[in-house]
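Each chain, written out:
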Amino acid sequence: MAVQLLWLGLLAVVLGLLIAAPSLRRNHPYVWWGLFGYPQAVLRILVTWRRLTTNVGLAVPRRPARAMVGGMVVRGDPLKPMPPRLGVPKLRRGGLAVGVRLHPGQVPEHVTAIVDALTHAWRVHSLRVVSDARGFVTVTALAWDPLAAPTLPHTLGAQLLRAVVGLLEDGRPWVVDFRKVPHWLVVGATRSGKSTLIAALVKQLAPQRVALFGIDLKGGMELSLFEDRLSALASDRTQAARLLAELVAEAQARMELCRAAGARSIWELPAKLRKVPVIVIVDEVAELYLTATRDDKAEVGEISTNLLRLAQLGAALGVHLVIAGQRVGSDLGPGVTALRAQLAGRVCHRVSDPGTAEMALGDLDKDALAAAQRITLAEQGVAITAGDDGRWMRARSVHVTPAQARRAARKYAHLAPSWPGLAEPEVTHEPTGTEPEEGVYL
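Only a predicted model underlies this, so the values are computations on that prediction, with no experimental measurement involved.

Student: Can you walk me through the packing of aromatic side chains in this structure?
Tutor: Each pair of aromatic rings is reported with the distance of its centres and the angle of its planes. By the definition in use, this model includes 5 aromatic pairs. Note on Trp33 and Trp144: the rings are 6.5 Å apart at their centroids and 85° apart in plane angle, and the pair reads as edge-to-face. Highlighted residues: Trp33 in helix α2 (residues 29-56) and Trp144 in the loop between β9 (136-142) and β10 (162-168), separated in sequence by 111 residues. Taking 4.8 Å as the distance between ring centres and 75° as the angle between the ring planes, the aromatic pair formed by Phe213 and Trp419 counts as edge-to-face.

Dropping the structure here:
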């Protein structure tokens, strides 16, 4: 009787899960994948592997396909080809990963060439092939597109200089970590998602004890959303030149402090001596390099030199750069190319000209460059990113509305360190008959 009740209970649980499966798939897809999707995918992989690899030519015969018969070489089709050895599929968030041991003479490109066939046979959204060891590849499958509607995963606590801004195409959080990658280049055309990414980044950094500085040569229209949280905001090139000069002086002061304490970076200093990290966000960097007169050339040269110095020295001194723009090309001058070499973090949204994509990704991976040029107008927020591991991946930032940006800036405005900043010095004049009585000009 007890055994019968146990079986009835198990049957009721199974029936309940089957009834709840459609609702789970809509409202809790990761739970559904662990309970239903993953077991089905594993069974499908195990059942189709031998036949699939035989059809696409990955399976090889145990014996040579040629034999000597009476002084003649006879060639035929093997009867029992042996597929590459398949590992145990491991559950991943919204997908799975399985290792494959290649036959002698096979390379990862042989598996990459049949990705479409594997995707259809396994009935998954997409596959990615990575080789971490000689003779082995790891095939990672995604059950659905995590970039369709990215949401930030729950985190137990924020880490300093680490911002979760969206999701990667494999379902992992998209993390911008300035301790690992100190400087970033972000490019993208109008309405490609570049501004949304910067908003998501600043929103994540706002609660942290960091000093945020903005340079926005579109009159401050973009970064003014966060002005309450910014220690200083430069809205024209003259202000930008002065701010960068001040930050270079701050970096030099930190350098002297580290030298006096025998430290190689501010992170080796005692906590009481350690300075607050600085993050400088530059929007529309091309505006900094445009010249029209001889005076412009001198100012641009100063700006270019100071940006490059911050990029070269800032990592150890807690000064970090986020350089963003719609168009960033070598035609802006050698200063931009030299600066690009110091920006290890790269993010490329949809761009209007191939030169900008080439500047962002051309020196990293030709496949990444091709993937960036395939981003469509409908894929707002989708980008190709490369970070600390050197690999490129598709990613999408979460959507941050202007209202959310302003609320975050106001909520954490008290964390913005004071800065002497951009206020023009006041000049007092003696009042005359032709001057205003106040006698103070800004």
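Student: Hey, could you run me through the side chain of His320 in this one?
Tutor: Examined against the element boundaries, His320 turns out to sit in strand β16 (residues 319-325). Ignoring any residue separated from it by four or fewer positions in sequence, one finds His320 in contact with Leu161, Phe178, Pro182, His183, Val278, Ile279, Val280 and Ala315.

Student: Help me understand the pattern of salt bridges, please; the structure alone is not making it clear to me.
Tutor: Side chains bearing opposite charge may pair, as long as their charged atoms lie close to each other. Considering all chains together, one arrives at 10 salt bridges under this definition. The partner of Glu222 in a salt bridge is Lys218, with the nearest N and O atoms 3.2 Å apart. Overall, the relative accessible area of 25% leaves Glu222 in the partly exposed class. Its relative accessible area of 26% is what places Lys218 among the partly exposed residues. Here Glu379 ties to Arg394 by a salt bridge, and the two come within 3.1 Å at their closest N and O atoms. Taken as a pair, Glu379 in the loop between α11 (366-373) and β18 (382-386) and Arg394 in strand β19 (residues 392-397) lie far apart in primary sequence, 15 residues in all. Using a relative accessible area of 23% as the deciding quantity, one classes Glu379 as partly exposed. Several salt bridges share partner residues, and in doing so they unite Lys194, Asp283 and Glu284 into one network.

Student: Which parts of the structure should I look at to understand helix α5 (residues 194-205)?
Tutor: Within an α-helix, residues lying three or four positions from one another point in the same direction, as the helix has 3.6 residues per turn. Counted at 1.5 Å a residue, the expected span for α5 with its 12 residues is 16 Å, and the 17 Å between its end C-alpha atoms agrees. Residues of α5 that are buried include every one of Lys194, Leu197, Ile198, Ala199, Ala200, Leu201, Val202 and Leu205, and no others.

Student: Looking at this structure, I do not really get the UniProt feature "binding site: ATP" (unreviewed entry) in the protein. What am I missing?
Tutor: Taking the UniProt record as the reference, the feature "binding site: ATP" (unreviewed entry) is found at Gly188, Ala189, Thr190, Arg191, Ser192, Gly193, Lys194 and Ser195. The residue Ala189 is located in the loop between β12 (183-187) and α5 in this model. Assessed through its relative accessible area of 7%, Ala189 is described here as buried. Beyond its immediate sequence surroundings of up to four residues, Ala189 is in contact with Arg350, Val351 and Ser352. Judged by its relative accessible area of 2%, Ser192 is buried. In contact with Ser192, other than residues within four places in its own chain, are His349, Arg350, Glu379, Gln380, Gly381 and Val382.

Student: Any chance you could explain the side chain of Gln106 here in plain terms?
Tutor: Position of Gln106 relative to the elements: it lies in the loop between β7 (95-101) and α3 (108-112). Under the relative-accessibility criterion, Gln106 is labelled buried at 13%. For Gln106, the side chain forms a polar contact with the main-chain oxygen of Leu58, separated by 2.8 Å. Of note is the side chain of Gln106, whose polar atom sits 3.0 Å from the backbone nitrogen of His103. Aside from chain neighbours lying at most four places away, what touches Gln106 is Leu58, Val60 and Pro84.

Conventions adopted
Residues numbered from 1 in each chain as written. Predicted model: local features only at pLDDT ≥ 70, side-chain atom pairs only at ≥ 80, totals over all residues. Heavy atoms only, no water. Phe/Tyr/Trp six-rings, centres within 6.5 Å; stacked < 30°, edge-to-face > 60°. Helix = DSSP H or I, 4+ residues; strand = E, 2+ residues; numbered from the N terminus. Contact = heavy atoms within 4.5 Å. Salt bridge = Lys/Arg side-chain N within 4 Å of Asp/Glu carboxyl O. Buried < 20%, exposed > 50% of the residue type's maximum accessible area, 1.4 Å probe, protein only. Expected span 1.5 Å × (residues − 1). UniProt positions renumbered as here; feature names shortened; annotations may be inferred. Polar contact = N/O pair within 3.5 Å; in protein donor to acceptor, adjacent residues only side chain to side chain.

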